[in-house]
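As a plain string of letters, each chain reads:
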Amino acid sequence: DTEVTQTPKHLVMGMTNKKSLKCEQHMGHRAMYWYKQKAKKPPELMFVYSYEKLSINESVPSRFSPECPNSSLLNLHLHALQPEDSALYLCASSQALFGLGTTYNEQFFGPGTRLTVL
Amino acid sequence: GENVEQHPSTLSVQEGDSAVIKCTYSDSASNYFPWYKQELGKRPQLIIDIRSNVGEKKDQRIAVTLNKTAKHFSLHITETQPEDSAVYFCAASNPISSGSARQLTFGSGTQLTVLP
């Protein structure tokens, strides 16, 4: 299996709702990423997990809460979002060769969740 | 942190012509430079990448060149076809210090249109 899957494909939520985005990969990758992408813009890194530990939080507001319950799963919990949070949320994964020197690990992207906050 | 600039933002070419997209980066620690193609409504897909110990890499109609001294890298597409129409993103990558994940910094993207 060489794919990253994401559910749901589309999500519409109100500002008071709580929802979660899910990402899954079975490539044995130990690095997983959340990106936010607005229309006609590049992906912006939000969070990085390496070996199930959060290694990067790019100053993301606390209304976004990531979780990595195991090496194959990555969740993004959403609460009290704002309309400006509407975007495509992309998950990606890559190999993470801890302990080795330089690594060149291709990031594989999932299809994304199109989020609309009303 | 890393800063990647990408030009042009839009590029229209006739089918069969070549297309060139250029990027510059700021962080000399960056050592991996992937290029992604993103069609409308789809995920970014890696089309070619280059490592800092290589100056040029080619894969059929696609080639990438890297000038480490000038911190420039470029994507070259020859014999363009309508299905090459998409947004292309360059990126620069360096290891994340706390582990071995990699942080990608993307350029702003180039909308390539190949006219039949």
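All figures in this text were calculated on a predicted structure; none of them were measured in a lab.

The rules behind each value
- For every chain, the first residue of the written sequence is number 1, and numbering continues from 1 onward in sequence order.
- Written order determines the labels here, with chains lettered from A and ligands numbered from 1.
- Residues qualify for local features only when their pLDDT is at least 70, as the model is predicted, and side-chain atom pairs are given and counted only at 80 or more; totals for whole chains, interfaces and linings, by contrast, use all residues.
- Computation of side-chain values covers all heavy atoms of the structure but excludes hydrogens and water.
- We define a salt bridge as a side-chain nitrogen of Lys or Arg found within 4 Å of a carboxyl oxygen belonging to Asp or Glu.
- Secondary structure counts use DSSP, requiring at least four H or I residues in a row for a helix and at least two E residues in a row for a strand, with both numbered from the N terminus.
- Throughout this description, buried means an accessible area under 20% of the type-specific maximum (1.4 Å probe, protein chains only), exposed means over 50%, and partly exposed covers the range between.
- Here a cavity denotes grid points, spaced 1 Å and computed from the protein atoms alone, that fit a 1.4 Å probe unable to get out, and a pocket denotes an open set having protein on both sides within 12 Å along at least 5 of 7 lines; residues with an atom within 4 Å of a point are the lining.
- Grid points are joined across faces, edges and corners, and a volume is the space filled by probe spheres set on the points.
- Strands pair, by our definition, only if DSSP identifies at least two bridges between them.

**A closer look at the pattern of salt bridges**
On inspection of all chains with the given rule, the structure shows five salt bridges over all chains. In this structure, A:D85 engages A:R63 in a salt bridge whose closest nitrogen and oxygen atoms are separated by 2.7 Å. Here A:D85, found in the loop between β8 (73-79) and β9 (87-94), pairs with A:R63, found in the loop between β6 (53-57) and β7 (64-70); they are 22 residues apart in sequence, far enough to count as distant. Overall, the relative accessible area of 2% leaves A:D85 in the buried class. A salt bridge links B:R61 to B:D84; the nearest nitrogen and oxygen atoms lie 2.9 Å apart. Here B:R61, found in the loop between β6 (56-59) and β7 (62-67), pairs with B:D84, found in the loop between β8 (72-77) and β9 (86-95); they are 23 residues apart in sequence, far enough to count as distant.

**Focus on the layout of surface pockets**
Estimates place the volume of the largest pocket at around 500 Å³. Along the walls of the largest pocket sit 21 residues, with A:A39, A:K40, B:Q38, B:L40 and B:V87 positioned nearest its centre. At the level of elements, β9 and β11 (110-115) of chain B are the ones that each hand at least two residues to the lining of the largest pocket. Counting residues per element, the lining of the largest pocket draws most heavily on β9(B), which supplies three residues.

**Description of the pairing of β8(B)**
All names here are of chain B. Pairing of strand β3 (residues 19-25) with β8, which is carried by six bridges, proceeds in the antiparallel orientation. Of the residues in β8, the one forming a bridge with A19 is I77. Here β7 folds back onto β8, and the loop between the two strands holds four residues, one of which, K71, carries a positive phi near 55°.

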